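Close look at the chain arrangement
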Amino acid sequence: MYGYIKPEKSELKGRDIARYTSYYCVLCHVLGKRFGGLYRLMLSNDMTFLLICLDSVSTEKTKIEGRCPGNIFRKFATSLSVDAVDYVASLTYYLALQKIYDNSLDDSTTIGKFIYKLCFYILHKNRKYRRWERGNSALVEKLNAQFLEFRKGERETFSFDYLTHLFGTIVETFISGFEKYFDFREAFLPYKHLYYNLGKWIYLIDALNDFEKDRRKGEFNLLQTLRIGKGAQRDEECIRKSKIILFLIQRKIAESYVEISTVHPDPIVENL
């Protein structure tokens, strides 16, 4: 359900492309340094966007530099908030755990469930992650409760509006968990609105992309909760209505960005 927030590089200037790449590289570097090289695979464009947003409201910057493990001749160096990159790296690890847990619930085979549960157990025992989890217990408990309610909603097929609201609230919590690092919390309000609607947008566009596959496999899909028409006509109407809702959500995202740009203008955030 992740990986949708990518830059349109053809519309970015060279220095902004380089800056976006440096954020991506730093997040990859910190994931590997903190949890181990294998965990660089958890990296995503969506979490890079979160890092850019959090760093844009940070006043304390530290220079971070290193080399790409995939290309030792390629260096990266940028100044950004250490608190922000540490937070996003740990949150990335937490979301990977949630993904593995979801897979253990969805897998219909005994061996598949065992493998996913074993992976979850091993990853959850990571000492550095457990230290972060203890230090952010209120955030982790809040997210766990939200994911529990969300899974229950999908299992019991709650309404379209309620499920999109639940996922939007989860994604909003990603940015809310960083508020404690700053005194000027008013600056976070438009970001919270942005991320709430971004969560709804990601959930809906993911459902649209998977609609045909889920229908063939008989798996749950958000569009099923619209309950419009019957048969093929129903499918067409679900897709048509979902696209309308998608554009309405995008309008709200744009409105949130207008608020953000007046205080923290950033060509990369605008592009994304």
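Residues numbered from 1 in each chain as written. Predicted model: local features only at pLDDT ≥ 70, side-chain atom pairs only at ≥ 80, totals over all residues. Heavy atoms only, no water.

A word on the overall build of the protein
Helices and strands together make up the secondary structure of the protein, namely ten helices and two strands. Dimensions of the protein along its principal axes, counting C-alpha atoms only, are 60 × 45 × 40 Å. Counting the 272 residues in the protein, one finds 48% classified as buried. Restricting the contact set of the protein to residue pairs at least 6 apart, pairs at least 24 apart contribute 67%. Taken as a whole, the protein presents about 14700 Å² of accessible surface, with 53% of it coming from carbon and sulfur. One finds the centroid of the 42 positive side-chain charges in the protein at a distance of 5 Å from the centroid of its 34 negative side-chain charges. (Helix = DSSP H or I, 4+ residues; strand = E, 2+ residues; numbered from the N terminus. Buried < 20%, exposed > 50% of the residue type's maximum accessible area, 1.4 Å probe, protein only. Contact = heavy atoms within 4.5 Å. Areas by Shrake-Rupley, 256 points an atom, 1.4 Å probe, with all protein chains shown as cover. Lys, Arg positive; Asp, Glu negative; His and termini not counted. Charge placed at Lys NZ, Arg CZ, Asp CG, Glu CD.)

What to know about the confidence of the model for the protein
A low pLDDT score tells you not to read the predicted coordinates there in detail. Taken over all residues, the pLDDT of the protein has a mean of 87, while the share at 70 or more is 95%. When pLDDT is averaged over each element of the protein, helix α6 (residues 137–155) comes out on top at 94 and strand β2 (residues 71–80) at the bottom at 79. (pLDDT = per-residue confidence, 0-100.)

Focus on the packing of helix α2 (residues 45–56) against helix α3 (residues 82–106)
Between α2 and α3, the shortest axis-to-axis distance is 9 Å and the interhelical angle comes to 150°. As the angle between them shows, α2 and α3 are arranged roughly antiparallel. Judged by the sense of rotation from one axis to the other, the crossing of α2 with α3 is right-handed. Counting all contacts with α2, which are made through M47, L50, L51, L54 and D55, the residues of α3 involved are A84, V85, Y87, V88, L91, T92 and L95. Classifying every residue of the contact of α2 with α3 gives ten nonpolar, one polar and one charged. (Axes fitted to C-alpha atoms, helices over the stretch in contact; angles between N-to-C directions. Parallel < 35°, antiparallel > 145°, perpendicular 65-115°, else oblique. Left-handed = near helix turned anticlockwise from the far one by under 90°. Nonpolar A, V, L, I, M, F, W, Y, C, P; charged D, E, K, R; others polar.)

Observations regarding the pattern of salt bridges
Considering all chains together, one arrives at nine salt bridges under this definition. For K61, the salt bridge goes to D55, with nearest N and O atoms at 3.0 Å. We note a salt bridge from R151 to D102, for which the minimum N-O separation is 2.4 Å. With a gap of 49 residues between them, R151 in helix α6 and D102 in helix α3 connect regions that are remote in the sequence. For D102, a relative accessible area of 24% puts it in the partly exposed group. (Salt bridge = Lys/Arg side-chain N within 4 Å of Asp/Glu carboxyl O.)

Structural notes on a positive patch on the surface
Among the surface-exposed residues, K33, R127, K128, R131 and R134 lie close enough to one another that they form a single positively charged patch. Here the positive patch takes four residues from helix α5 (residues 127–135), the largest share from any one element. Along the chain, the position of K33 falls in helix α1 (residues 14–35). Overall, K33 belongs to the exposed group, its relative accessible area being 65%. (Patch = residues over 30% accessible without salt bridge, like charges linked within 9 Å, V, L, I, M, F, W, Y side chains within 5 Å.)

A short note on α6
Taking 1.5 Å per residue as the helical rise, α6 with its 19 residues ought to reach 27 Å, and the 27 Å between its terminal C-alpha atoms agrees with that figure. Taken as a whole, α6 has its buried residues at L139, V140, L143, Q146, F147, F150, R151 and G153. The buried residues of α6 occupy one face: seen down the axis, they fall within an arc of 155°. The exposed set on the far side of α6, more than 90 degrees from its buried face, consists of A138, E141, L148 and R155. Buried residues along α6 sit in contact with α3, α5, α7 (160–176) and α8 (189–217). Directly after α6, the chain includes T157, whose backbone phi takes a positive value near 50°. (Expected span 1.5 Å × (residues − 1). Arc of directions from axis to C-beta.)

Here we look at α2
In this model α2 runs 17 Å from its N-terminal to its C-terminal C-alpha over twelve residues, within 8% of the 16 Å that 1.5 Å per residue would give. The complete set of buried residues in α2 reads N45, D46, M47, T48, F49, L50, L51, I52, C53, L54, D55 and S56.

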